[in-house]
Amino acid sequence: MNKKKAFWRFISVISIIIFICSGAYLIKNVFHDDSGDGQDFRNTQLQDESHSVPNAKDDHGIQWTKLRKKNPDVYAWIYIPDTNVDYPVLQSGNGKDDFFYLDHNLEKKASAAGAIYSEMQNATDFSDPVTVLYGHNMADGSMFASLHKFRDAKFFKKHKYLYIYTPEKKYTYYIYSTYVYDNRHLLNSFDFSDKKVFKEYLKTTQNPLSTVVNTRSLKKAGIHLSTNSKIITLSTCTKSYEGDTRYLVQGVLIKNE
């Protein structure tokens, strides 16, 4: 009887171990899809953690050859200090599906997290008056979820820059405004090639008004924008109580090297 009890006790322990391991696997691979975040294409020892404007030698340790061999749709990298935003930027190269990376990752596999991407209406050299980058507001804090840190006035005041890297250049943007906006498609709703339209839009970004309950906008004073300015708009989903709206972080190009 003792041997029989010992045997069934052993089987029970093994079953529990298998159950725990299976649960851990599911949590890692189903509830957190990190297969397309691109972190393997960074030399983390070269990461610049300072908040100063990067110098000409700063390349953020990005392994462009390896990255583009993995997916030629990668054309840039975005990094914002003290957030989880440290990802490759993609644009669909098939000329058909502009929203491919809405639900596909760096490896072009179906993924709820998608990837950070722009639409084909935007040039990939950041020469447009307004470049819009999209990313999901993921529950695990990945993609553009940590943009919501800029809702905090102290964080917004302290964190002034976001960085865009390409194989050829480095772009530094000064973060000057952040707010909740309606769900309109910016590139379809505004003709930014029209300087009058662009000028009015710039005024909106500097004096944002939010009609969403319990939401406030933040802006930095003393920022001079003109029709020659190059704006980057980071767009993600808002909080559930804010309805069908978008959360935007606006930056203006201050350095191109």
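Just above, that's the structure.
In what follows, the accompanying structure is described. (Residues numbered from 1 in each chain as written. Predicted model: local features only at pLDDT ≥ 70, side-chain atom pairs only at ≥ 80, totals over all residues. Heavy atoms only, no water.)

## Quick look at the environment of Asn137
Locating Asn137 in the fold gives a position in the loop between strand E4 (130-134) and helix H3 (153-158). A relative accessible area of 27% means that Asn137 is categorised as partly exposed. Sequence separation of Asn137 and Lys239 is 102 residues, and the distance between their C-alpha atoms is 8.8 Å. Polar contacts involving the side chain of Asn137 include one to the side chain of His148, which spans 3.4 Å. (Helix = DSSP H or I, 4+ residues; strand = E, 2+ residues; numbered from the N terminus. Buried < 20%, exposed > 50% of the residue type's maximum accessible area, 1.4 Å probe, protein only. Polar contact = N/O pair within 3.5 Å; in protein donor to acceptor, adjacent residues only side chain to side chain.)

## Some details on unusual backbone geometry
Unusually for a residue other than glycine, Asp82 sits at a positive phi of about 65°. Its location among the elements puts Asp82 in the loop between strand E1 (74-79) and strand E2 (86-90). Given the relative accessible area of 35%, Asp82 is considered partly exposed. The backbone of Met143 shows a phi angle near 55°, a positive value even though the residue is not glycine.

## Focus: the side chain of Glu119
With respect to the helices, strands and loops of the structure, Glu119 is situated in the loop between strand E3 (116-117) and E4. It turns out Glu119 is buried and unbridged, and the closest side chain with the opposite charge, Arg246, is 8.9 Å from it. A distance of 2.7 Å separates the side chain of Glu119 from the side chain of His185, its partner in a polar contact. (Lys, Arg positive; Asp, Glu negative; His and termini not counted. Salt bridge = Lys/Arg side-chain N within 4 Å of Asp/Glu carboxyl O.)

## What to know about the pattern of salt bridges
If the charged atoms of two oppositely charged side chains come close together, the side chains can form a pair. Throughout the structure, instances matching the rule amount to 6 salt bridges. The partner of Lys70 in a salt bridge is Glu107, with the nearest N and O atoms 3.4 Å apart. Note that Lys70 is positioned in helix H2 (residues 64-70) and Glu107 in the loop between E2 and E3, a separation of 37 residues in sequence. Looking at Lys70, the relative accessible area reads 43%, which means it is partly exposed. Relative accessible area serves as the criterion here: at 27%, Glu107 is assigned to the partly exposed category.

## Let's talk about the environment of Phe99
Among the structural elements, Phe99 can be located in the loop between E2 and E3. With 20 residues separating them in the primary sequence, Phe99 and Glu119 have C-alpha atoms 7.3 Å apart. Apart from the residues within four sequence positions on either side, Phe99 is in contact with Tyr117 and Glu119. (Contact = heavy atoms within 4.5 Å.)

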